[in-house]
Amino acid sequence: MHTKSNPDAYGTNLQPALEAVNTHVDGEPEMALILGSGLGALAEAASDTTVVEGREIPGYPASTVEGHEGRLIFGTLEGRRVVFVQGRVHLYEGYAVQKLTMPVRLVHALGAERMVVTNSAGGINRTFQPGTLMFITGHLNVAFASPGVGAGVAPWHRANAEAPEQDGDYYDAGWTDRAEQAALDLGVDVRRGVYAWMLGPNYETPAEVRALERMGADAVGMSTVPEVLQARMLGMQVVGLSTITNPAAGLASGELDHDDVLDVGQRVRGDLMDLVRRIVRVAEG
Ligand code: HPA
């Protein structure tokens, strides 16, 4: 896509980070898996793993939230060389959006051409129960931020001829279809939907959730869209998967807290791990 060749286009020099990673591992990852809150354990599915801590990588964003420690885990999954990005950072932690997508630029520079992005999200679609797994087929950028700002990226849109209702420019339609079929084969129930990215760190107000519902969102969360924008600007292919951990605020009684979100993530971990393996397996059509 239309990026400058200047490695500092997004405000980072990746060279020291690449050198730091290369002192720990050799072997280029084909694919990156971005792990959402409570989903960090998915990396346990990989074999022959090497961990590189974020703090050993110059310019790597340090997470300020418990349960989100930043590290890269290199390994093999379903016969493919993968890298897990464990412990993402969020815009609400106060980082510039270019800084929080630095891990995506780094894994791309290391060789990853594909990305599976996972998250935990609140359910807006009223048929979604906690534990529902949702393939992301489109998003609403309601945080109004992009890592492309100031990076010399020209505006773009490419329609998806086969699935015009799906935002194929962001979420790869063929790969998502194959992944959905793989979920069916596994007997894992999956849905499709639109993910709305909100700034946070507060959960949404009921008024916001009503507005998002009218705007067409099925789920809401505080991540993923910046990584997806960054990945697409680099030409990576993307599949997105949300775990619905709770009804969004105002759609059910009771309080919403981060620990409950993490608990549901734990509960669906088995299904999610099986599904992620299949997603990796069906990356190529
Ligand atoms: N809102 C925003 N982010 C979330 C939610 C939610 O309800 N659940 C998990 N992440």
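Above this text is the structure in question.
Cut-offs used in this document
- Residues numbered from 1 in each chain as written.
- Predicted model: local features only at pLDDT ≥ 70, side-chain atom pairs only at ≥ 80, totals over all residues.
- Heavy atoms only, no water.
- Helix = DSSP H or I, 4+ residues; strand = E, 2+ residues; numbered from the N terminus.
- Rg over C-alpha atoms; globule rule 2.2 N^0.38 Å.
- Buried < 20%, exposed > 50% of the residue type's maximum accessible area, 1.4 Å probe, protein only.
- Contact = heavy atoms within 4.5 Å.
- Areas by Shrake-Rupley, 256 points an atom, 1.4 Å probe, with all protein chains shown as cover.
- Lys, Arg positive; Asp, Glu negative; His and termini not counted.
- Charge placed at Lys NZ, Arg CZ, Asp CG, Glu CD.
- Near = heavy atom within 4 Å.
- Polar contact = N/O pair within 3.5 Å; in protein donor to acceptor, adjacent residues only side chain to side chain.

Draft legend 1. Up close: the overall build of the protein. Helix and strand counts for the protein stand at eight helices and nine strands. By the compact-globule yardstick of 19 Å for 285 residues, the protein fits well, its C-alpha radius of gyration being 18 Å. Projected onto its principal axes, the C-alpha coordinates of the protein cover approximately 50 × 40 × 40 Å. Split into buried and exposed, the 285 residues of the protein put 55% on the buried side. At a minimum sequence separation of 6, the contacts of the protein that also span at least 24 residues come to 83%. Of the roughly 12100 Å² of accessible surface on the protein, 47% is carried by carbon and sulfur atoms. Positive and negative charge centroids in the protein, built from 22 and 36 side chains respectively, lie 3 Å apart.

Draft legend 2. Seen up close, the site of the ligand. Lining the immediate surroundings of the ligand are Ser120, Ala121, Gly122, Tyr203, Glu204, Val220, Gly221, Met222, Thr245, Asn246, Leu256 and Val261. Within the contact set of the ligand, a nitrogen atom lies 3.3 Å away from a backbone nitrogen or oxygen of Ser120. Between the ligand and the protein, one listed contact pairs a nitrogen atom with a side-chain N or O atom of Glu204 at 2.7 Å. Within the complex, 96% of the 260 Å² of free accessible area of the ligand lies under protein. Every element with two or more residues in the shell around the ligand is listed here: β5 (114–123), β8 (219–221) and β9 (237–247). No other element matches β5, which puts three residues into the shell around the ligand.

Draft legend 3. Spatial organisation of the environment of Leu275. Structurally, the position occupied by Leu275 is in helix α8 (residues 269–281). Overall, Leu275 belongs to the buried group, its relative accessible area being 0%. Separated by 46 residues in the primary sequence, Leu275 and Leu229 place their C-alpha atoms 23 Å from one another. If sequence neighbours within four positions are ignored, Leu275 has contacts with Leu133, Phe135, Ala179, Ala183, Leu186, Val190 and Leu241.

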